[in-house]
Amino acid sequence: METSSVLVAGATGLLGSEICRLLRAKNLSVKALVRATADPVKTGELVKIGVQLVQGDLRDKETLSQALQGIKTVITSVSSMPFSYNPGENDIQSVDEDGMINLIDSSKSAGVGHFIYTSFSKNLDLDFPLRNAKRKVEKHLQNSRLTYTILRPGCFMELWLSAAVGFDAPNEKVNTCGPGANPLAYISYKDVAKFAVESISNPAAKNAVLELGGPQNLSQLDAVKIFEEALDKKIEVGQMPIEALQSQLDGAEDPMQKSFSGLMLCVANGDRIDMKEILSKFPVELTSVKEFAHSFA
Ligand SMILES: NC(=O)c1ccc[n+]([C@@H]2O[C@H](COP(=O)([O-])OP(=O)(O)OC[C@H]3O[C@@H](n4cnc5c(N)ncnc54)[C@H](OP(=O)(O)O)[C@@H]3O)[C@@H](O)[C@H]2O)c1
């Protein structure tokens, strides 16, 4: 039986697919845990780069013990939020919390050596379901006696500087979360993937929590200026007031809506991450917001 395999859970997602790509570029043996319902275009892309598919679902422990046979390292970027969310079926409680705990426990039983978990920055720390699930899973992993790495990235620039959250620079319209003046450590998901892959062999990742940001801490308004320069356009800036975000957080019934409002409030509050020490141990070149903005020019 092969014992050097890496299992990537979340491989059809943004971060997980990039992790698979980097692992295959290093010629490592990679298995992807994919759901029966996964998009065949996405699974086809994985197969094309030499990833072996294994069917499984975090909500179904039996599928996990099968998938974990012979696996040395697990990397997970699974989340139900936002694209895989199906309330009462595939949601924060059943996937991000209970499902992730299933994956940790099954990994322990299967004799996995190293578990690499994608959480989020310690500064994203208000009381909302996704944050509560992430912190509970982190503790469970730390108490599991598995060798662990907890990746805690800040905001992905590809999402938080996009129209999906009101930052529509190409169409010259941005709505900041709150006044937009507090610094954030925007990071590219592609750089998070580099840290995930590097964590397999870097001793500094063993039993470590890695707070991951980009090369600079920038406010939302700083990011607007950078896009204005890159696109040579004037961007109209509005804002989602703090009070509105707070009342959405207080009033939302649905755990995903509550979590989105909570995340937006956290973004308004800022998320500063200093990368100096981590970069002295991990040779990762970080993408800047300026480079990202120029990709739209
Ligand atoms: N976006 C940000 O700014 C940010 C910042 C910090 C941390 N993060 C974290 O980064 C991680 C990766 O984010 P992403 O953007 O790559 O997410 P994504 O694109 O939405 O991918 C989520 C993945 O989870 C899988 N999944 C969902 N339910 C599952 C289940 N029951 N069993 C097995 N797999 C399941 C999905 O598979 P299907 O294709 O089958 O649905 C998909 O592969 C998440 O944990 C997120 O919280 C994100």
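This text goes with the structure placed above it.
Calculation rules
Residues numbered from 1 in each chain as written. Predicted model: local features only at pLDDT ≥ 70, side-chain atom pairs only at ≥ 80, totals over all residues. Heavy atoms only, no water. Helix = DSSP H or I, 4+ residues; strand = E, 2+ residues; numbered from the N terminus. Rg over C-alpha atoms; globule rule 2.2 N^0.38 Å. Buried < 20%, exposed > 50% of the residue type's maximum accessible area, 1.4 Å probe, protein only. Contact = heavy atoms within 4.5 Å. Areas by Shrake-Rupley, 256 points an atom, 1.4 Å probe, with all protein chains shown as cover. Lys, Arg positive; Asp, Glu negative; His and termini not counted. Charge placed at Lys NZ, Arg CZ, Asp CG, Glu CD. Near = heavy atom within 4 Å. Polar contact = N/O pair within 3.5 Å; in protein donor to acceptor, adjacent residues only side chain to side chain. Axes fitted to C-alpha atoms, helices over the stretch in contact; angles between N-to-C directions. Parallel < 35°, antiparallel > 145°, perpendicular 65-115°, else oblique. Nonpolar A, V, L, I, M, F, W, Y, C, P; charged D, E, K, R; others polar. Pairing = 2+ DSSP bridges. Core = buried A, V, L, I, M, F, W, Y, C linked by side-chain atoms within 4.5 Å. Right-handed = clockwise from strand over helix to strand, strands pointing away. Expected span 1.5 Å × (residues − 1). Bend = angle between axes of the 7 residues up to and from the residue.

Considering the overall build of the chain
Counting secondary structure elements, the chain contains twelve helices and ten strands. For 297 residues, the compact-globule estimate of 2.2 N^0.38 gives 19 Å, and the chain sits close to it at 19 Å. Principal-axis analysis of the C-alpha atoms places the extent of the chain at approximately 60 × 40 × 35 Å. Buried positions account for 53% of the 297 residues belonging to the chain. For the chain, long-range pairs separated by at least 24 residues make up 76% of all intrachain contacts whose partners lie at least 6 apart in sequence. For the chain, the exposed surface amounts to about 13500 Å²; the carbon and sulfur share of it is 49%. Here the chain contributes 31 positive and 36 negative side-chain charges, whose respective centroids are spaced 6 Å apart.

Here we look at the site of the ligand
Around the ligand there are 27 residues in total, and Thr12, Leu15, Ser84, Lys134 and Phe156 lie nearest to it. In this structure, an oxygen atom belonging to the ligand sits 3.4 Å away from a main-chain N or O atom of Ser79. Interatomic distance of 2.8 Å between a side-chain N/O atom of Lys134 and an oxygen atom of the ligand. When residues of the shell around the ligand are traced back to their parent elements, those giving at least two are α1 (14-25) and α6 (157-160).

Focus on the packing of helix α4 (residues 92-110) against helix α5 (residues 129-142)
It is the contact of α4 with α5, at a shortest axis distance of 9 Å, that shows an interaxial angle of 10°. Between α4 and α5, the angle falls in the class roughly parallel. Across the interface between the two elements, Ile92, Asp96, Glu97, Met100, Ile101, Ile104 and Asp105 of α4 pack against Pro129, Leu130, Ala133, Lys136, Val137, His140 and Leu141 of α5. Of the residues contributing to the contact of α4 with α5, the split by class is nine nonpolar, one polar and four charged.

Some details on the sheet that holds strand β5 (residues 114-118)
Reading across the sheet, the seven strands line up as β3-β2-β1-β4-β5-β6-β9 and stay open at both edges, with parallel pairing between neighbours. Sheet topology places β3 (52-55) and β9 (208-212) at the edges, where each strand pairs with a single neighbour. Each adjacent strand pair in this sheet contributes to an overall mean axis angle of 20°, direction not counted. Looking at chain direction, β5 and strand β6 (residues 147-153) are connected through five bridges and run parallel. Looking across to β6, one finds that Ile116 is bridged to Thr149.

Section: the nonpolar core
Counting 40 residues, the largest nonpolar core has Trp160, Leu161, Tyr186, Phe227 and Val289 as its most contacted members. For this core, the secondary structure elements donating two or more residues are α5, α6, β8 (173-177), α8 (220-231), α9 (242-251), α10 (255-269) and α12 (289-294). Those residues in contact with Leu161 that lie beyond four places of it in its chain are Phe156, Phe167, Tyr186, Ala223, Phe227, Val289 and Phe292. Membership of the second largest hydrophobic core comes to 37 residues, among which are Val8, Ala32, Ala196 and Met275.

Considering the pairing of β6
Of all seven residues that make up β6, six are buried, and the element is covered over most of its length. A crossover links β5 with its parallel partner β6, the connecting element being α5, and its sense is right-handed. Pairing of β6 with β9 involves five bridges; the strand directions are parallel. Across the sheet, Ile150 pairs through a bridge with Val209, a residue of β9.

Side note on α4
End to end, α4 covers 25 Å across 19 residues, agreeing with the expected 27 Å (1.5 Å per residue, within 8%). Bending of α4 peaks at approximately 35° at the position of Gly99. Gly111 occupies a position one or two residues after α4 and carries a positive phi of about 80°.

What is shown is where atoms sit, not what they do.
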